[in-house]
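Per-entry structural report
In case you want the letters, here they are:
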Amino acid sequence: LGFNVRTFPWNSLALRQAACEVIPRDALIRDLFGGYAEPLATFLPPASPYFEPDVTLYAYSPDAARKRLKDAGWTWNAAGTLVSPEGKPLAPMKLLTPTAQVAPTTAELAVTVAEALSSIGIPIQADPMDFSTMISRMNERKFDAYVMAWQMSRDPDSLFVFYHSSMDVAGG
């Protein structure tokens, strides 16, 4: 799960933390992966020599997510949509995902994540699309959030193009 932290509303740390608290990781592991996975807070597994163990893994707690948002000054309007501390209601957003034909587990994951985020007032829907279109939109920074999955080894080289600061250029 990735967010466009350059733009409202995902530039809010409290909102991103609340999003992490409302995702039912254990249910996802049970239902989508048959229990053969473990919740991670990083892209690298504990078996990797590059694994960072001191990253916060937020426990599933919708109540804690709502409290975090309230404590940070967020409110809800009459329709149940989140309103920022500055009084700006969240507009409908899209969660980019590959299509179910290409990546069925990822597409199902996106639907579950969108439902979880919606449960705390974040108006977002899964938006399945061709993978190359999805990557283009991410490169152009024309997205709210995305779900992508790939098999990782212990070597993080495959993450370079997505997350190294030298690639943080338009179309990079």
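The structure displayed is predicted, hence computed values, not measured ones.

About the criteria used
- Residues numbered from 1 in each chain as written.
- Predicted model: local features only at pLDDT ≥ 70, side-chain atom pairs only at ≥ 80, totals over all residues.
- Heavy atoms only, no water.
- Helix = DSSP H or I, 4+ residues; strand = E, 2+ residues; numbered from the N terminus.
- Buried < 20%, exposed > 50% of the residue type's maximum accessible area, 1.4 Å probe, protein only.
- Areas by Shrake-Rupley, 256 points an atom, 1.4 Å probe, with all protein chains shown as cover.
- Arc of directions from axis to C-beta.
- Contact = heavy atoms within 4.5 Å.
- Salt bridge = Lys/Arg side-chain N within 4 Å of Asp/Glu carboxyl O.
- Phe/Tyr/Trp six-rings, centres within 6.5 Å; stacked < 30°, edge-to-face > 60°.
- Polar contact = N/O pair within 3.5 Å; in protein donor to acceptor, adjacent residues only side chain to side chain.

Below, the discussion takes up the overall build of the protein. Helix and strand counts for the protein stand at six helices and six strands. Put simply, the protein runs from its N terminus to its C terminus through helices and strands in the order β-α-α-α-β-β-β-α-β-α-β-α. In terms of overall dimensions, the protein has a C-alpha envelope of 45 × 35 × 30 Å along the principal axes. Expressed as a percentage of its 172 residues, the buried residues of the protein come to 34%. As displayed, the protein has an accessible area near 9800 Å², and 55% of this comes from carbon and sulfur atoms.

The next thing to look at is helix α3 (residues 62-71). Within α3, burial applies to Pro-62, Ala-65 and Leu-69. Summarising the axial view, the buried residues of α3 lie within an arc of 55 degrees, below the 170-degree limit, and thus occupy one face. Residues of α3 that are exposed and point over 90 degrees away from its buried face: Asp-63, Lys-67, Lys-70 and Asp-71. Tucked into the core, α3 has its buried residues touching α1 (13-22), β2 (75-76) and β3 (82-83). Where α3 terminates, the next one or two residues include Gly-73, which has phi positive at roughly 95 degrees.

The next subject is α1. Of all 10 residues that make up α1, eight are buried, and the element is covered over most of its length. Lining the buried residues of α1 we find β1 (2-3), α2 (25-33), α3, β3 and α4 (104-118).

Here the focus is the side chain of Thr-106. By the element assignment, Thr-106 lies in helix α4. Filtering out sequence-adjacent residues up to four positions away, Thr-106 remains in contact with Thr-97, Pro-98, Val-147, Met-148 and Ala-149.

A separate point is the environment of Met-93. With respect to the helices and strands, Met-93 occurs in strand β4 (residues 93-98). On the basis of relative accessible area, Met-93 is assigned to the buried category, the value being 5%. Considered as a pair, Met-93 and Ala-145 are 52 residues apart in the sequence and their alpha carbons are 8.1 Å apart. In this view, Met-93 contacts Pro-9, Trp-10, Ile-122, Pro-123, Ile-124, Gln-125 and Asp-144; residues no more than four positions away in its chain are not counted.

Our focus in this paragraph is the pattern of salt bridges. Close approach of charged atoms allows side chains with opposite charge to pair. Under the criterion given, the structure shown has six salt bridges. For Asp-31, the salt bridge goes to Arg-30, with nearest N and O atoms at 2.8 Å. The exposure classification of Asp-31 matches that of Arg-30, with both residues exposed.

All chains considered together, the criterion is met by three aromatic pairs. Between Phe-3 and Trp-10 the ring centres are 4.2 Å apart and the planes differ by 25 degrees, which places this aromatic pair in the stacked class. Note on Phe-143 and Tyr-146: the rings are 5.7 Å apart at their centroids and 70 degrees apart in plane angle, and the pair reads as edge-to-face. Since its relative accessible area comes to 8%, Tyr-146 is described here as buried.

This part is about the side chain of Glu-21. Considering the arrangement of structural elements, one finds Glu-21 in helix α1. Separated by 3.0 Å, the side chains of Glu-21 and Arg-68 make a polar contact. Residues within four places of Glu-21 in sequence aside, it is in contact with Tyr-58, Ala-59, Tyr-60, Ser-61, Pro-62, Ala-64, Ala-65 and Arg-68.

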